Every structure is written in C-alpha cells, then in structure tokens.
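Here is how the chains run, residue by residue.
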Amino acid sequence: MEFNVKKLASDAGVFFSRAMQFTEEKLGQAEKTELDAHFENLLARADCTKNWTEKILRQTEVLLQPNPSARVEEFLYEKLDRKVPSRVTNGELLAQYMTEAANDFGPGTPYGKTLIKVGETQRRLGAAEREFIRSASINFLTPLRNFLEGDWRTISKERRILQNRRLDLDACKARLKKAKAAEAKAALWNDEVEKAEHELRLTQTEFDRQAEVTRLLLEGISSTHVNHLRCLHEFVESQTNYYAQCYQFMLDLQKQLGSSKGEIFSGTFVGNAESASPAAATSPPAAAATLPAVPTIPVVPTIVGVPNTVAEGVLNPNEVKPPASGTRRARVLYDYEAADSTELALLADEMITVYSLPGMDPDWLIGERGNQKGKVPVTYLELLS
C-alpha cells in the first residue's frame, strides 16, 4: 500500500513537471530541445501519409458502398468481429424485379422476353459488382486499415513517449540551470547541482534512445508507401476488369436487343392489324354511316425514294436512296457485327457516310461504305460536323 502511494505521488510529480515545462514553452518562458531537420521531415511525412490514407480509405468505402447506413452496419460487424451478412446488389435486385414482371406480363410476349434479357444482364452486372467490391476490400481497403490501426498507432504511441522524454529532458535542463545559478551564490547548492546533472544524463540517455526508436518507425513509412503502391495497382486492375465486364455485358445486350427490335415492333404492328380486322368487318352499317371512317392500321406516308418497308423497320439496302441533303460523316467507335442482311458490319475507327430516313427508329441510321449499305446503331458512331 505504501509503495502504491509513493508511486502515485511520483507519477503525479512527473506529470506536474511535464505540464509546467509544456506551459512555459508555450508562453516562451522555457527553452525547448529542437529535433534535427531530418527528424522533423520524417514527422511531417508520416502525418501527411496518415491524413491522406484516411481520406482515400473513407472515399473508397463510399465508392464501393454509397449507402451510409450499410457502411455503418458493416463497421459495427467488423468491430464486433462478426461476419458481415451477404447483401444483394442493386443490379441483382433489379434483375429479380424484371424477371418477376416478365412472368406476370408473359415471358412469351415481346415485353416479357426483353425484360428477361435485360434482367439477366443486370444480374450479371450485379455479380460483377459484388466480385469487384470483394476484391477491392481485400487488396486495397484492408492494407490501408491495417496501416492506420497497426503501424500508425505504434508510431503515435512512440511519438507520445518521445514527447514526454523531451519534456523531462528540458525540465532537467531547467533545474540544472537554476541549481548552477544558485551555486554561484551559496556553496550549499553543490549537492543540488550534482543531482541535477545526474538526472540530466539519465533523461538525455532515455530521450536519445526513444528518438532512435521513433526515427526507425518513421523511416518505415517508405516501406508503407511501397506496399500501398502495390495495393493501388491491384485496385486499378480490379476496377478495370469490372468495367470491362460491364461493357461487354451491355454490348452483348445491345446486340440482342438491336437484332430483335425490328422483329418485335413488326410483330406488334401485325398483331394489331390482325386483331383489328374482324372488328372492322363486323361493324354495323349504322355506325359506319354516322362515324367517320378510321383506318385500323396506321398508314405510313409514301416518301419519294423511300419504300414503305423502311418505315416499318424492314430495310432492303438496294431500295434505299440517300436524301439530297442531310448526309454526314461518322467515325466508328467499336466493332459491330451485323445481325442480318439489313445491317452493315462496322470496324472500329473506319469512316462511313450516314443519314436518317423518315419513319426510321431514332437509334439507327443508314450507313454507306462504298457500294455497301445497311442499318447501323447510333451508339457505335461518333457523328462529325
């Protein structure tokens, strides 16, 4: 019990001495031992690394999981050392809704078929997003967290110890200076001077030892940068693979929808015509006499030089004539494989002439390359002025 009391009293005395020294330094009433320029540069570099690592970590977390509530939930699971439950991605949830809608509307209908195709692509996009998040978390976020929660905490602890050692050293220097000033006035202070010199030697040794430990840790920041650089490359590779997958999935979907678009809309018009014809044939004569005649099938206006089949979505390239004005040059952005004889196959970076015809789908243009002619998707082109 007596030992504990003495230790508490000693600790309180040390704390008071450090507090006094720190306060006097801030007020400019005490001298402060300055670290060398190299050491100060190491400290500044370490602080800079810590600050930017925190910002990059937090923003990457936002990128991977934009939902703040979900991030808080994952943080709590991590702190409780429990496995984070699997969460459905937005793409997978959208795919589920589209599939269920297709079943209700009829999977054999044009809309139902398209919903199923788009839903399957959304499911693949969601799965790719899940894999990207998993890879980025393991290869990028985890090393950054390990630095902040491991190496940086150790560095911070040793820096606090070094700060205390410096305060002790400067307090001993101040006591020695006072003892020497008093010694000049009275010989009774000889013992105090010797005691102060002994304490100064001890605190100087402890300060030098702690400074060396802290310096070695700070110099290890260079190795941290090398490790984070490797992790950054892995993150970029994962992100590149993810976006490449997304692009390929959407390209495949666009080809599927583009090849079936003319068939779908053509089938829709035919179905409308077939369903409307019996009603027109059975209409009572009185109704025909009192109401204006309304055609049951939309009439496509005849355009000079343009067959009606173009407006209906069925294109015969040999029958199409370019308009007198309105043609443009276009650069092909990506390779495109023609789905049928009405389309024109494209090669990336080639130049073609394009123009639109009245009644055409706005997502398509007529493309010409020499004697070859056919429909081309607008999204594959860069239109030039």
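The numbering scheme is per chain: residues are counted from 1 as the chain's sequence reads. The model is predicted, so local features are restricted to residues of pLDDT at least 70 and side-chain atom pairs to those at 80 or more, both for listing and for counting; the totals for chains, interfaces and linings are taken over all residues. Think of the side-chain values as coming from all heavy atoms in the structure, minus any hydrogens and water.

J.: Kindly report on the packing of aromatic side chains, identifying the contributing residues and their values.
T.: The relation between two aromatic rings is expressed through the spacing of the ring centres and the mutual angle of the planes. Here a Phe, Tyr or Trp ring, Trp counted by its six-membered ring, pairs with any other such ring whose centre lies within 6.5 Å, and the pair is stacked when the planes are under 30 degrees apart, edge-to-face when over 60, and tilted otherwise. All chains considered together, the criterion is met by 10 aromatic pairs. For the pair Phe-140 and Phe-235, a centre-to-centre distance of 4.8 Å together with 20 degrees between the ring planes defines the contact as stacked. With Phe-140 in helix H5 (residues 110-183) and Phe-235 in helix H7 (residues 221-281), the pair connects residues that are 95 residues apart, well separated along the chain. Burial classes: relative accessible area under 20% of the type maximum marks a residue as buried, over 50% as exposed, and values in between as partly exposed (1.4 Å probe, protein chains only). Accessibility expressed as a relative area gives 5% for Phe-140, which makes it buried. An aromatic cluster of at least three residues, connected via ring pairs, comprises Phe-132, Phe-140, Phe-235, Tyr-242 and Tyr-243. Remark: a charge is flagged as sitting over a ring if the NZ atom of Lys or the CZ atom of Arg is within 6 Å of the ring centre and within 35 degrees of the ring normal. Above the face of the Trp-52 ring, Lys-55 is positioned so that its terminal group lies 4.6 Å from the ring centre. It is Lys-375 that lies over the ring of Trp-364; its NZ or CZ is 5.2 Å from the centre. Each helix is a run of DSSP H or I of at least 4 residues and each strand a run of E of at least 2, with the numbering of both proceeding from the N terminus.

J.: Give me helix H6 (residues 190-219): which residues, what numbers.
T.: For a helix, the expected span equals 1.5 Å multiplied by the residue count minus one. For H6, with 30 residues, the first-to-last C-alpha span of 43 Å sits near the 44 Å given by 1.5 Å per residue. Buried residues of H6: Val-193, Ala-196, Leu-200, Thr-203, Phe-207, Gln-210, Ala-211, Thr-214 and Leu-218, and no others.

J.: Please set out the sheet that holds strand S5 (residues 381-383) residue by residue, giving values where relevant.
T.: The criterion for strand pairing is that DSSP finds at least two bridges linking the strands in question. Strand order in the open sheet made by the five strands is S4-S3-S2-S1-S5, with antiparallel pairing throughout. Looking at strand neighbours, the two that pair on one side only are strand S4 (372-377) and S5, the edges of this open sheet. Each strand of the sheet is rotated relative to its neighbour by a mean of 40 degrees, with strand direction disregarded. In this analysis, axes come from line fits to C-alpha atoms, helices being fitted only over the stretch in contact, and the angle between any two N-to-C directions falls in the range 0 to 180 degrees.

J.: Break down the nonpolar core for me, citing the residues and quoting the values.
T.: By nonpolar core is meant a set of buried Ala, Val, Leu, Ile, Met, Phe, Trp, Tyr and Cys residues that side-chain atoms within 4.5 Å join together. Formed by 34 residues in total, the largest nonpolar core has its most connected members in Phe-39, Phe-132, Phe-140 and Leu-218. Secondary structure elements with two or more residues in this core: helix H2 (37-64), H5, H6 and H7. With 16 residues, the top contributor of residues to this core is H5. Residue contacts are counted whenever heavy atoms from the two residues lie within 4.5 Å of one another. In contact with Leu-218, other than residues within four places in its own chain, are Phe-39, Leu-42, Leu-43, Ala-46 and Ile-155. Tyr-336, Tyr-355, Leu-357 and Trp-364 belong to the second-largest nonpolar core, a separate cluster that totals 17 residues.

J.: Quick rundown of unusual backbone geometry? Include the residues and the values.
T.: The phi dihedral of Asp-349 is positive, around 80 degrees, even though this residue is not glycine. With respect to the helices, strands and loops of the structure, Asp-349 is situated in the loop between strand S1 (328-332) and strand S2 (351-355). Judged by relative accessible area, which is 54%, Asp-349 ranks as exposed.

J.: Could you give an account of the packing of H2 against H6, with specific residues and numbers?
T.: Close contact between H2 and H6 brings their axes to 9 Å; oriented N to C, the two are set at 50 degrees. Classified by the angle between their axes, H2 and H6 sit oblique to one another. As H2 runs across H6, the sense of the crossing is left-handed. Along the contact surface, H2 presents His-38, Phe-39, Leu-42, Leu-43 and Ala-46, while H6 presents Ala-211, Thr-214, Arg-215, Leu-218 and Glu-219. When residues are grouped by polarity, Ala, Val, Leu, Ile, Met, Phe, Trp, Tyr, Cys and Pro land in nonpolar, Asp, Glu, Lys and Arg in charged, and all others, Gly among them, in polar. Considered class by class, the residues forming the contact of H2 with H6 number six nonpolar, two polar and two charged. Throughout this description, any angle smaller than 35 degrees is read as roughly parallel, any larger than 145 degrees as roughly antiparallel, any in the 65 to 115 degree range as roughly perpendicular, and the remainder as oblique. Take the far helix as the reference: if the near one is turned anticlockwise from it by less than a right angle, the crossing is left-handed, and if turned clockwise, right-handed.

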